[in-house]
Amino acid sequence: MSEPLHQNESIGIVTSGGLKENLHVRLNGTPQQVQEGSFIVIDSQDWKFYGIATDLQLQSIDPRYALEPSRARLPEELAGLLDRQTLYTNLVVLPALMLERGPEPDSADYSAWRRAIDSGDKEEPRPMPVKSIPAHHADAFLAGAGDVAEIFGKPEDESNFVIGYTREQDHPVCVNLDKLIQRSSGIFGATGSGKSFLTRMLLAGLIDHNRASVLVYDMHNEYGLDDTASDTGENVRGLRSGFGASKVQVVGLGGSATIRGSAPDFNLVLGYSDILPEDVELLTRELNLKETTATVLDALVQSLGKDKWFKAFKAMKRGATETTDGDKKVPAPDSVAFWANQNGVNVMAAEGLHDKLRRLFNKPYIVENPPADSIQALVEALKKGKHIVLSFGDYESDLDYLLVSNLLTRRIRAEWEQMTNEFRGKNGSEPRPLVIVVEEAHKLLNREMAAQTTFSTIAREMRKYYVTLLVIDQRPSQIYDEVMSQLGTRVCGWLGDEDDIHAVLSGLAGREALRGMLSRLQAKEEVLLLGWGVPMPILVHSRRYDELFWQDIKTSKKAGFDQAKVIKNLYGD
Amino acid sequence: MANDPQVNVQVGRLLRANTRACVAGCLPSQNFPPFGSLVSIDLGQEISAYGLVSDIHIDDDGLVRQLVTTPNISETVIQDNRVNRNVPVELSVLFVGHRSAGVISHRLPPRPPLSLDRVRACGEGDVCAFTSAGSLGYLRFILEAQDLPAADLLAAHLLQAGRAQRDHGDEQWFARAIDKVITQLRDDYVRLMPVLEALADVQRELGI
């Protein structure tokens, strides 16, 4: 009973279930032959059903058989015979897809069925969401390499990227990168669950595939240059190190930025004129701004101009006074109060804003006259197909991250919208898709901020404009529901918090069944693939991000694809 | 079977019968078959009924009633009473199948035997042939029988059959029979466990 399963060996039969309550498969052997998250195939007449194991339950035909060990009353052999008939394991399978495989190839009906397809009278069968269920006593199997390839694509296909392997039998599971970039995606997992490695790997796949430009907001300077793994102390190759500066450029924030002592490919410096009132408004929580901020900012723009307000406001003096002839102290002409009085703005509100914006005024990466329009240079590089890792260097505070990422994304959004409109008006070429990678996404996409930032707009509608997000976060419950619901592909590592699990599964069928699975993933090794971008939920052992991975990328151009292994899996020895 | 020394050993003649069971009478001096053993009764027209000895009944008669309280009964008197008694030993037989035109079936015989038909003990070959046919469906007659010590009847039969099968080279037969019994009774925990405990003794006795 505990012998390893052979390929194509039935693991059990369907005994009950339905579309709403999942399918129950009575296992032939011990529960350890199957694990939660296994990819299960059920053969039922002319159809194949594909699902994921979501639960294993010990059952007995009478509770007394389970309560009293038979070995206490009977010899070993008799007890074994009794247990085999009275104790069993129920495998709960969440059905996801079905595929018409047609009659048996050697049957009389097969040729007619095939002819109908070849002549176009019948559509070529392809996996579709389950609309029916297998019959009683249909045989269930662990998915073979062919089944995995049928559903998730073949590793050798150009647009497929091997993200991991099935739990029991190590069959490669692919993500279709073309599909991945069509909608925004998310990578989630608690801290220490291997998110960064997973992200590096996926980004390497995207960059290697080269169908979209990638812009990474690298808040903690992890992705561009080589890093050291916090747990093993081993060197972790960065994206620029892996692909070279001709493909991936590291941009440092600030004029003299260095990233771990290395000079970036170029520096991003913001000009005063780049800062718009909306950039300040979205810092409301970070700067603890008051309700009056919008009014004051509006007055600043109205009186000083959209390009000049920041410079002029910075130059104003807080509390500067002068003495009139009558020995009366009045605001000096270069003071905040003077400007406020001149423009009908509450003095205290203006001075309060000025105080709070001092944190921005003092940022070294915001200068009056930047040496070059580095934002535009960055945008141009992306348009030309380069991939950018924007490292925040020493500016790792939330304030820096929120300001710069939103400001930059606003410019990018405008640029891509314009390119798309020109393309649709037949006045330009098709824009190159762009994936913006946002770390600590909840800081930009929380309920409070989501309405104000450009990111939520991108998540909602920029798919039409060739821009999508790849959000990375450890607290998905903090991300606004509306944004979460727009995420097509979700790659999720271990999550401990119930709210986070709920958030990741929002809007997905079978979320109740998947909930427990998420909380029991092995940290750093397993991820659950979910959502629109994958044909069905599946649990995979994630690939290792190591030198072997990079060798695969460089040599075969099909990372993780071992042709000999795949052939062996498909056709045996 | 023709070479089987125990085939066709007559053990008695039929007293009464119905479609499910019969009672045969025999003398105590005859070497009558033990409880649980397989017997056959020729019904004519190439049909034989198979049954298991499910009860052995020894009735008293007037002489025994007088003798039983007499002190110091001599051995001659005892032997005389046993050999020459007027009331036969009654063997109850539970039908478990039949053979028709050489084909063994685990269904009830098409008709019961008639009075004074010969009842014969089955030899090992016959036991193996009968118990190997089909998929042990005849065990249901034992397990479903009312007013019989089913566990002990089954144990006695499986001891005879298991020994015969083992001696004929099929050591797995006993396990298959147990499996069948479990299948038949698994929905009745209270009945199954004592049956299995009885069969555990048989297994030990068989040494398999």
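Source: prediction; values computed, not measured.

Asks: Would you mind showing me how to read the overall build of chain B here?
Replies: When helices and strands are tallied, chain B shows 7 helices and 7 strands. Along chain B, helices and strands appear, N-terminal first, in the series β-β-β-β-α-α-β-β-β-α-α-α-α-α. Its C-alpha atoms give chain B a radius of gyration of 18 Å, near enough to 17 Å, the size a compact globule of 208 residues would have. Taking the principal axes of its C-alpha atoms as reference, chain B extends roughly 50 × 40 × 30 Å. Sorting the 208 residues of chain B into buried and exposed places 47% on the buried side.

Asks: Looking at this structure, how should I read the domain arrangement of chain A?
Replies: All names here are of chain A. Parsing chain A into structural domains produces domain 1 (12-124 + 138-142), domain 2 (177-269 + 371-522) and domain 3 (274-366). For domain 1 versus domain 2, the separation of C-alpha centres amounts to 41 Å. Contacts between the two partners involve 7 residues from domain 1 and, on the opposite side, 6 residues from domain 2. Considering only the surface of domain 1 that becomes buried against domain 2, Glu36, Thr54 and Leu94 emerge as the three largest contributors, covering 77% of it. Seen at the junction of domain 1 and domain 2, the total is 1 salt bridge. The closest approach of N and O atoms between Glu36 and Arg520, which form a salt bridge, is 2.6 Å. For the side of domain 1 that touches domain 2, the leading source of residues is strand 4 (residues 47-60), giving 3 residues. Here the residues of the side of domain 1 that touches domain 2 are counted per class, giving 3 nonpolar, 3 polar and 1 charged.

Asks: How should I be thinking about the confidence of the model for chain A in this particular structure?
Replies: The predicted structure's coordinates, where accompanied by low pLDDT, should not be read in detail. Averaged over every residue, the pLDDT of chain A is 87; residues scoring 70 or more account for 96%. Counted against residues more than four places away or in other chains, residues 566-573 of chain A, with its pLDDT under 50, gives 10 contacts.

Asks: Where do I start with the environment of A:Asp334 in this structure?
Replies: Residue and element names in this part refer to chain A. Residue position: Asp334 is located in the loop between strand 18 (329-331) and helix 12 (336-342). According to the relative accessible area criterion, Asp334 is partly exposed, its value standing at 32%. Between the C-alpha atoms of Asp334 and Glu440, which are 106 residues apart in sequence, the distance is 40 Å. Setting aside residues no more than four positions away along its own chain, Asp334 makes contact with Ala315, Met316, Lys317 and Ala320.

Conventions and cut-offs
Residues numbered from 1 in each chain as written. Chains lettered and ligands numbered in written order. Predicted model: local features only at pLDDT ≥ 70, side-chain atom pairs only at ≥ 80, totals over all residues. Heavy atoms only, no water. Helix = DSSP H or I, 4+ residues; strand = E, 2+ residues; numbered from the N terminus. Rg over C-alpha atoms; globule rule 2.2 N^0.38 Å. Buried < 20%, exposed > 50% of the residue type's maximum accessible area, 1.4 Å probe, protein only. Domains from an automatic or database assignment. Contact = heavy atoms within 4.5 Å. Buried area = accessible area lost by both parts, 1.4 Å probe. Salt bridge = Lys/Arg side-chain N within 4 Å of Asp/Glu carboxyl O. Nonpolar A, V, L, I, M, F, W, Y, C, P; charged D, E, K, R; others polar. pLDDT = per-residue confidence, 0-100.

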